[in-house]
Amino acid sequence: MIQMNENYLKLQASYLFSDIARRVADFQQANPDKEIIRLGIGDVTRPLPPACIEAFRKGVDEMADAATFRGYGPEQGYAFLREKIAQHDFQSRGADISPEEIFVSDGAKCDTGNIQEIFSVHAKIAVPDPVYPVYVDTNVMAGRTEFAENGRYRGLVYMDSTKENAFIPEIPKEAADLIYLCFPNNPTGAAISKEELKKWVDFARDSKALILFDAAYESFVRDENLPRSVYEVQGAREVAIEFRSFSKTAGFTGTRCAFTVVPKECMVWDSKGQKHSVHQLWNRRHGTKFNGVSYPVQKAAEAVYTPAGQEQTKTLIDYYLKNAALIRQAMTDLGFDCTGGENSPYIWVDGRRDSWEFFDLLLNKAGVVCTPGAGFGKCGEGYIRISAFNDFENVEKAMGRIKEALAD
Ligand SMILES: *Cc1c(COP(=O)(O)O)cnc(C)c1O
């Protein structure tokens, strides 16, 4: 009899997005004439930059001609893309990263989910709360936890992100081997300073731990004093892996292109105390289980680094940041404490009431959909996440409606 991986039985069903969909559908049925504005999504809405589209088309044309056709490419990504990434995203900011340390992939979701398999099943995992659910669920699937109790898996170290610590968790008191960090953060929108990040790097160095740094939203950082990469912090090359994506930077959520940086200095230890290279392990894993991102998509991603591509992606991010500023201002004017929205597309609003109660209020009285914070973890209770990914006109309208609704 074929037996299942029983770790999957430990997974808590996530009703978040189905619950939201059901409540929105019920509201729409009861109010067929009311237009709903969705500020709950974590997906971009603007089209790909023209420079990317042009390169994408050229790539497709090359595939149509026997003289320029390409079959399997290097699993780690084409050199033309890895060189541009190393130069523009890292070396230009003083972060010493070489093209060989970059692994191009079809998503930061897959990479943040897959990376755990090169580490021991006994590795102690530390995750922020609230958090992007992928980090927790993939470790549950791998068997690094017990069943959940009161919404938290036994065996994980949870790092609370609260108003008291300005949504930057404190270094855990318990030992931790693998530490997930995400800045600018989804869902809180909080960004981290170099000084704060340095504390984590020092902690990882002292305890022979490894940081998994999710920088999916780095392009939203506009404060020049804030780091966009963990490698802007001294000593990070030995203890940090960084995940990046073209999804939020250049609208690639449906096109799929991302990359993971694994510096050659990162080490892991076997049970005999022997050191091994994380880069070599990940290279082995990637080459065995992944066969590269399609050539036209890598050409489209490369175009992000042309002068036109740089200008166009900046315009794209500026557009969402303008939405974010409007949301933050409107909610602040209404007397709510807000985090994020300055160097991130998410505004984390303290609703001073149950997350779902606030969600229902905004839906039923304003026709605006947000995301209840409780869906991202225990510490999200009492908050909602408002996303800046929508058209400016819709955001304006939504904020006007929320103001009216809360004035009654
Ligand atoms: C959107 C997002 C990603 C990007 O995922 P892709 O698979 O590259 O589209 C990664 N991490 C976080 C926290 C995100 O919100």
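Note that the coordinates shown come from a computational prediction; the quantities given were computed from them, not determined experimentally.

Asker: Any details on the nonpolar core? Residues and values, ideally.
Answerer: Judged by nonpolar contacts, the single largest core of 53 residues is most densely connected at Phe-246 and Phe-252. Leu-16, Ile-36, Ile-37 and Ala-324 belong to the second largest nonpolar core, which has 32 residues in total.

Asker: Lay out the domain arrangement of the protein chain with the relevant residues and their values.
Answerer: Taken domain by domain, the protein chain comprises domain 1 (13–42 + 308–407) and domain 2 (52–305). Using only C-alpha atoms to locate each centre, domain 1 and domain 2 end up separated by 27 Å. The partner domain 2 presents 32 residues to the 29 residues of domain 1 that form the contact. Between domain 1 and domain 2, a total of about 2400 Å² is buried, with carbon and sulfur atoms accounting for 60% of that surface. Scanning the region where domain 1 abuts domain 2 turns up three salt bridges. Its salt-bridge partner being Lys-163, residue Asp-337 comes within 3.0 Å of it at the nearest N-O pair. Inspection of the region where domain 1 meets domain 2 yields 13 residue pairs in polar contact (both at pLDDT 80 or more). Residue assignment for the side of domain 1 that touches domain 2 shows that the elements contributing at least two residues are α10 (307–333), β13 (337–340), β14 (346–350) and β17 (383–387). When residues of the side of domain 1 that touches domain 2 are assigned to their parent elements, the largest contribution, nine residues, is made by α10. The residue makeup of the side of domain 1 that touches domain 2, split by class, is 11 nonpolar, 11 polar and seven charged.

Asker: Describe a nonpolar patch on the surface, listing the residues and the values that go with them.
Answerer: A surface patch of nonpolar side chains, about 430 Å² in accessible area, is lined by Met-4, Tyr-8, Leu-9 and Phe-147. Turning to its location among the elements, Leu-9 is positioned in the segment before α1 (16–30).

Asker: For the pattern of salt bridges, give the residues involved together with the corresponding values.
Answerer: In this structure the tally under the stated criterion is 28 salt bridges. A salt bridge links Lys-194 to Glu-232, with the shortest nitrogen-to-oxygen separation between them at 3.9 Å. Highlighted residues: Lys-194 in helix α6 (residues 194–207) and Glu-232 in the loop between β8 (210–214) and β9 (240–245), separated in sequence by 38 residues. Between Glu-218 and Arg-228 there is a salt bridge; the shortest N-O distance is 3.1 Å. You can see Glu-218 sitting in the loop between β8 and β9 and its partner Arg-228 sitting in the loop between β8 and β9, a full 10 residues away along the chain.

Asker: Can you lay out the pairing of strand β3 (residues 125–129) for me, pointing to particular residues and giving the numbers?
Answerer: Across the five residues that make up β3, a large majority, five, are buried. As paired strands, β3 and strand β6 (residues 157–160) are joined by four bridges and run parallel to one another. Each residue of the ladder has a partner; that of Asp-129, found in β6, is Asp-160.

Asker: If you had to explain the site of the ligand to someone new, which residues and values would you point to?
Answerer: As a structural note, the neighbourhood of the ligand is formed by 14 residues, with Tyr-217, Ser-245, Ser-247, Lys-248 and Arg-256 the closest of them. Here Ser-247 contributes a side-chain N or O atom positioned 2.6 Å from an oxygen atom of the ligand. At 3.4 Å, a side-chain N or O of Lys-248 approaches an oxygen atom of the ligand. Considering the ligand on its own, with 390 Å² of exposed area, one finds that the protein chains cover 94% of that surface. Mapped onto the shell around the ligand, the elements with two or more residues apiece are α4 (108–114) and α7 (246–250). Split by residue class, the shell around the ligand holds six nonpolar, four polar and four charged.

Asker: Give me the lowdown on α1, citing residues and values where you can.
Answerer: In a regular helix each residue adds 1.5 Å, so 15 residues correspond to 21 Å; α1 covers 21 Å between its end C-alpha atoms and thus fits that length. Looking at α1, one finds that the buried residues are Leu-16, Asp-19, Ile-20, Val-24 and Phe-27. Down the axis of α1, the smallest arc covering the buried residues is 130°, so these residues share one side. In this fold, the buried residues of α1 make contact with β1 (37–38), α11 (355–366), β15 (368–369) and β16 (371–372).

Asker: Give me the sheet that holds strand β10 (residues 258–261): which residues, what numbers.
Answerer: On the basis of which strands lie adjacent, the open sheet formed by seven strands has the order β2-β10-β9-β8-β7-β3-β6 and mixed pairing. Both edges of this open sheet fall to β2 (102–105) and β6, since each of them pairs with a single strand only. On average, adjacent strands in this sheet sit at an angle of 20° to one another, irrespective of strand direction. Sheet topology note: the β9/β10 ladder contains four bridges and is antiparallel. The partner of Ser-245 across the bridge, within β10, is Ala-258. On top of the sheet, helix α3 (residues 79–90) reaches β2, β9 and β10; it is set at about 115° to β2, its chief contact.

Asker: Give a description of the sheet that holds β17 that names residues and reports values.
Answerer: Paired through backbone hydrogen bonds, the strands of a sheet run either parallel or antiparallel to each other. Reading across the sheet, the four strands line up as β13-β14-β17-β16 and stay open at both edges, with antiparallel pairing between neighbours. With partners counted over all chains shown, the strands left at the sheet margins are β13 and β16, one partner each. As judged from the two bridges shared by β16 and β17, these two strands associate in the antiparallel manner. Looking at β17, one finds that Pro-372 is bridged to Ile-384. α11 contacts β14, β16 and β17 of the sheet and is inclined by roughly 45° relative to β17.

Definitions and limits used
- Residues numbered from 1 in each chain as written.
- Predicted model: local features only at pLDDT ≥ 70, side-chain atom pairs only at ≥ 80, totals over all residues.
- Heavy atoms only, no water.
- Core = buried A, V, L, I, M, F, W, Y, C linked by side-chain atoms within 4.5 Å.
- Buried < 20%, exposed > 50% of the residue type's maximum accessible area, 1.4 Å probe, protein only.
- Domains from an automatic or database assignment.
- Contact = heavy atoms within 4.5 Å.
- Buried area = accessible area lost by both parts, 1.4 Å probe.
- Salt bridge = Lys/Arg side-chain N within 4 Å of Asp/Glu carboxyl O.
- Polar contact = N/O pair within 3.5 Å; in protein donor to acceptor, adjacent residues only side chain to side chain.
- Helix = DSSP H or I, 4+ residues; strand = E, 2+ residues; numbered from the N terminus.
- Nonpolar A, V, L, I, M, F, W, Y, C, P; charged D, E, K, R; others polar.
- Patch = residues over 30% accessible without salt bridge, like charges linked within 9 Å, V, L, I, M, F, W, Y side chains within 5 Å.
- Areas by Shrake-Rupley, 256 points an atom, 1.4 Å probe, with all protein chains shown as cover.
- Pairing = 2+ DSSP bridges.
- Near = heavy atom within 4 Å.
- Expected span 1.5 Å × (residues − 1).
- Arc of directions from axis to C-beta.
- Axes fitted to C-alpha atoms, helices over the stretch in contact; angles between N-to-C directions.

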